[in-house]
Amino acid sequence: MHFDLVDVRLFVAIASTGSLSKAAATFPVAVSAASTRLRQFEERFQVILFVRNANGMTPTPAGRLVLEACQRILNETQQLLSLIHISEPTRPL
């Protein structure tokens, strides 16, 4: 099963904005590409993550569980980046 941090960030952005187009606008990606990434993400996990309607998108119960996990992944990633930045030795230019 393959997914990357862009998928995770996009998923969280869709959930927080309630909109695929608003989420895509925060990335350098077209709405159609964001839609494809989300569809593939759902297919990989074999679950529907959002209820889609004219008013936007809301996470399904499974989507809320995935959202919590994605938020933890992003928090852990940020902690790792901070740790690497702190412990990175200074290099001469």
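Cut-offs used in this document
Residues numbered from 1 in each chain as written. Predicted model: local features only at pLDDT ≥ 70, side-chain atom pairs only at ≥ 80, totals over all residues. Heavy atoms only, no water. Salt bridge = Lys/Arg side-chain N within 4 Å of Asp/Glu carboxyl O. Helix = DSSP H or I, 4+ residues; strand = E, 2+ residues; numbered from the N terminus. Buried < 20%, exposed > 50% of the residue type's maximum accessible area, 1.4 Å probe, protein only. Core = buried A, V, L, I, M, F, W, Y, C linked by side-chain atoms within 4.5 Å. Expected span 1.5 Å × (residues − 1). Arc of directions from axis to C-beta. Contact = heavy atoms within 4.5 Å.

Draft legend 1. Highlighting the pattern of salt bridges. Under the counting rule described, the total for this entry stands at five salt bridges. Its salt-bridge partner being R37, residue D4 comes within 2.8 Å of it at the nearest N-O pair. Taken together, the residues D4 in the segment before α1 (5–17) and R37 in helix α3 (residues 31–45) connect sequence positions 33 residues apart. According to the relative accessible area criterion, R37 is partly exposed, its value standing at 26%. Its salt-bridge partner being E42, residue R52 comes within 2.8 Å of it at the nearest N-O pair. Of this pair, R52 sits in strand β1 (residues 50–53) while E42 sits in helix α3; the two residues are ten residues apart in sequence, bridging distant segments of the chain. Accessibility expressed as a relative area gives 43% for R52, which makes it partly exposed. The class for E42 is buried, based on a relative accessible area of 9%.

Draft legend 2. Representation of the nonpolar core. Grouped together as the largest cluster of nonpolar side chains are 18 residues, with contacts concentrated most on F11, I14, L38, F50, M57 and C70. Elements that contribute at least two residues to this core include exactly α1, α2 (20–25), α3 and α4 (61–87).

Draft legend 3. Focus on α3. In this model, α3 (15 residues) spans 21 Å end to end at C-alpha, consistent with the 21 Å of a helix rising 1.5 Å per residue. If you check which residues of α3 are buried, you get A34, L38, F41 and E42. The buried residues of α3 occupy an angular sector of 95° when projected down its axis, which confines them to one face.

Draft legend 4. Representation of the side chain of T60. Topologically, T60 is positioned in the loop between β2 (56–59) and α4. Ignoring anything within four residues of it in the chain, the contact list for T60 reads I48, L49, F50 and V51.

Draft legend 5. Expanded view of unusual backbone geometry. Positive phi, normally seen in glycine, also occurs at Q46, with a value near 55°. One can find Q46 in the loop between α3 and β1. Judged by its relative accessible area of 72%, Q46 is exposed.

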